[in-house]
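Given next are the chains, with one letter for each unit.
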Amino acid sequence: MFKKYPKLEKIIVNISWLFFDKILRMGIGLFVVMWLARYLGPAEFGLLNFVIALVSIFGVFSTLGLKGIVVRDLIDHAESEKEILGTTFILRLFSGIFVYLLLLSTIFIIKPDDTLSKILVAIYGASLIFKSVEVIAFWFESQVTYKYVVWVENTTFMILSLVKVIMIWLEADLVQFAWVMLLESVIVAVALLIVYSKLASSPKNWQVTITKARALLKNCWPLIISSAAWIIYTRVDQIMIGEMLDLSAVGQYSVAIKISEMVNFVPMIIVFSIIPIISKSRKNDRELYLKQFQMTYDLVVGLMLLTAFIFTFMSTWLVQLLFGSEYMSAASALSIHIWSTIFIAMATVSGKFLLNEGLQKITMQRHLLGIFINIPLNYFLIPVYGIEGAAWASLASFALCNYFYDALTSSTR
């Protein structure tokens, strides 16, 4: 069968590796997060997630929204891969440094008297610089050979997960955990460089050109804005909870988010494995291309509907089992937030379609709409309903932006 359909074999192999990657990370990661949450308690766990959310919001600007464009260009213009990789790396490196400095300035302004927050942000925020090496992962994704990235990331992840467990046993403090989080980014960056050099070519052969830099930046600016908007309206709730309630509430809400995010890997795996193959038929058979995209869309939405229904009834049991009675306030927020995964799945698939069609502006528009909906909703709902209000705000903004907005636009209807 695989001899008759060689592309099918490649898709199945890549999906298998991605599922292995996510399931392994989910299993071990959930165990470590669960133990860490119990060890730190809601307040310190909330502070850690506050810092992670803040770094994530700033970090999206350092990516320049280049991933989708670079993967697409590597598929369509394989002959220029050295120029694409080299130019992308330099752009990501300098943007990472700039954003890191901006992040440091911001934490000093919003938390002038909080020394611990400043230290945690300074340490973990440095990972933004090392993430410039992610360009190598883009190349492996374009080749549908993501297993090498899985090897690197999972090996590093498992080693450092063991380190974190030992640190919990030794009663380490938050600052030490921040150093380990930074170390993971450093090791992954070095390992990716080594693997790429062995299997493909030396990064020394990469080329940097002003022409390519201008072309990438010209095409990616809508994605920079849309990616930033996406992160802001998916992470700002934790920042607002921390400012409007307290860090303990951030810890409770973070538990609900962690469990909800566990299922988001399903549409991501399907999209990352199938879309590069589907995209190759775009020029030759438009009707087949659209049909395959619709089938992918239907598949991920159906899976998420079933998952949300199951998790709604299991939320209390899951929180009790995984995080203990100290975090039971997270259960009600989880039963609401889990329905957001349906609309996140929609965005995952449609985002790739819009990128292929050169409609990045629509992605930008709906993500910006998300900010304008989510922040005001959080502002009014959090003081009244607490973390449940934040969950409702997220669900409403995801639904309005990733489904109803598309229904109002002719090119996405």
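Everything numeric here is computed off the predicted structure, so don't read it as measured data.

### Some details on the overall build of the chain
Part 1: A tally of helices and strands in the chain yields 16 helices and 0 strands.
Part 2: Radius of gyration (C-alpha) of the chain: 21 Å, near the 22 Å computed for a compact globule of 413 residues.
Part 3: For the chain, the C-alpha atoms occupy an extent of roughly 55 × 45 × 40 Å along the three principal directions.
Part 4: Looking at the chain as a whole, 56% of its 413 residues qualify as buried.

### Examining the pattern of salt bridges
Part 1: Taken as a whole and assessed by the stated rule, the structure comprises 1 salt bridge.
Part 2: The salt bridge involving Arg92 is made with Glu134; its shortest N-O contact spans 3.2 Å. Here Arg92 is found in helix 3 (residues 81–110), whereas its partner Glu134 is found in the loop between helix 5 (127–130) and helix 6 (135–142), with 42 residues between them in sequence.
Part 3: With a relative accessible area of 29%, Glu134 lands in the partly exposed category.

### Description of the packing of aromatic side chains
Part 1: Summed over the entire model, instances satisfying the criterion amount to 8 aromatic pairs.
Part 2: For the ring pair Phe89 and Trp206, a centre distance of 5.9 Å and an interplane angle of 55° mean the geometry is tilted. Residue Phe89 is found in helix 3, and its partner Trp206 is found in the loop between helix 8 (174–199) and helix 9 (210–244); the two are separated by 117 residues along the sequence.
Part 3: With relative accessibility at 22%, the residue Phe89 sits in the partly exposed group.
Part 4: Ring plane angle 80° and centroid distance 5.1 Å describe the contact between Tyr403 and Phe404, whose orientation is recorded as edge-to-face.
Part 5: Residue Phe404 is classed as partly exposed on the basis of its relative accessible area of 44%.
Part 6: Three or more aromatic residues link up through ring pairs in this structure, and these residues are Phe45, Phe323 and Tyr327.

### Considerations on helix 4 (residues 115–125)
Helical geometry: 3.6 residues make up each α-helical turn, so side chains three or four residues apart lie on a common side.
Part 1: Taken together, the buried positions of helix 4 are occupied by Ser117, Lys118, Leu120, Val121, Ile123, Tyr124 and Gly125.
Part 2: Measuring from the side-chain oxygen of the N-cap residue of helix 4 to the backbone nitrogen of Leu116 gives 3.4 Å; that N-cap residue is Asp114.

### Considering the nonpolar core
Part 1: Judged by nonpolar contacts, the single largest core of 101 residues is most densely connected at Ile241, Tyr253, Ile259 and Phe323.
Part 2: For this core, the leading source of residues is helix 1 (residues 6–63), giving 17 residues.
Part 3: Once residues lying within four places of it in the same chain are set aside, the contact partners of Tyr253 are Asp237, Gln238, Ile241, Ala333, His337, Ile387, Ala390, Ala391 and Ser394.
Part 4: Grouped together as the second largest cluster of nonpolar side chains are 30 residues, Ala137, Trp139, Val149 and Leu216 included.

### Comments concerning the layout of surface pockets
Part 1: Put simply, the second largest pocket is a space of about 370 Å³.
Part 2: Along the wall of the second largest pocket there are 13 residues; nearest its centre are Gln294, Tyr297, Ser350, Thr412 and Arg413.
Part 3: At the level of elements, helix 12 (286–323), helix 14 (340–356) and helix 16 (387–407) are the ones that each hand at least two residues to the lining of the second largest pocket.
Part 4: Classifying every residue of the lining of the second largest pocket by side-chain character gives 8 nonpolar, 3 polar and 2 charged.

### Let's talk about the environment of Ser201
Part 1: Looking at the secondary structure, you find Ser201 in the loop between helix 8 and helix 9.
Part 2: Along the backbone, Ser201 and Lys82 are 119 residues apart, and their C-alpha atoms lie at a distance of 9.1 Å.
Part 3: In this view, Ser201 contacts Lys82 and Tyr196; residues no more than four positions away in its chain are not counted.

### Some details on the packing of helix 10 (residues 247–261) against helix 16
Part 1: Close contact between helix 10 and helix 16 brings their axes to 10 Å; oriented N to C, the two are set at 45°. One finds that helix 10 runs oblique with respect to helix 16. The handedness of the crossing between helix 10 and helix 16 is right-handed. Note on element contacts: helix 16 touches helix 10 through Ile387, Ala390, Ala391 and Ser394, opposite Ala249, Gln252 and Tyr253.
Part 2: Looking at the contact of helix 10 with helix 16, its residues break down into 5 nonpolar, 2 polar and no charged.

### A closer look at helix 12
Part 1: In a regular helix each residue adds 1.5 Å, so 38 residues correspond to 56 Å; helix 12 covers only 49 Å between its end C-alpha atoms and thus falls short of that length.
Part 2: The principal kink in helix 12, of about 65°, is found at Met314.
Part 3: At the C-terminal side of helix 12, Gly324 shows a positive phi close to 90°.

### Notes on the side chain of Asn49
Part 1: Structurally, Asn49 is set in helix 1.
Part 2: Polar side-chain contacts of Asn49 include one of 2.8 Å to the backbone oxygen of Phe45.
Part 3: Sequence-distant contacts of Asn49, that is, excluding residues within four places in its chain, are made with Gln238, Val250, Ser254 and Lys258.

Cut-offs applied
- Residues numbered from 1 in each chain as written.
- Predicted model: local features only at pLDDT ≥ 70, side-chain atom pairs only at ≥ 80, totals over all residues.
- Heavy atoms only, no water.
- Helix = DSSP H or I, 4+ residues; strand = E, 2+ residues; numbered from the N terminus.
- Rg over C-alpha atoms; globule rule 2.2 N^0.38 Å.
- Buried < 20%, exposed > 50% of the residue type's maximum accessible area, 1.4 Å probe, protein only.
- Salt bridge = Lys/Arg side-chain N within 4 Å of Asp/Glu carboxyl O.
- Phe/Tyr/Trp six-rings, centres within 6.5 Å; stacked < 30°, edge-to-face > 60°.
- Polar contact = N/O pair within 3.5 Å; in protein donor to acceptor, adjacent residues only side chain to side chain.
- Core = buried A, V, L, I, M, F, W, Y, C linked by side-chain atoms within 4.5 Å.
- Contact = heavy atoms within 4.5 Å.
- 1 Å grid on protein atoms, 1.4 Å probe; cavity = no way out; pocket = protein on both sides within 12 Å on 5 of 7 lines; lining within 4 Å.
- Points joined across faces, edges and corners; volume = space filled by probe spheres on them.
- Nonpolar A, V, L, I, M, F, W, Y, C, P; charged D, E, K, R; others polar.
- Axes fitted to C-alpha atoms, helices over the stretch in contact; angles between N-to-C directions.
- Parallel < 35°, antiparallel > 145°, perpendicular 65-115°, else oblique.
- Left-handed = near helix turned anticlockwise from the far one by under 90°.
- Expected span 1.5 Å × (residues − 1).
- Bend = angle between axes of the 7 residues up to and from the residue.

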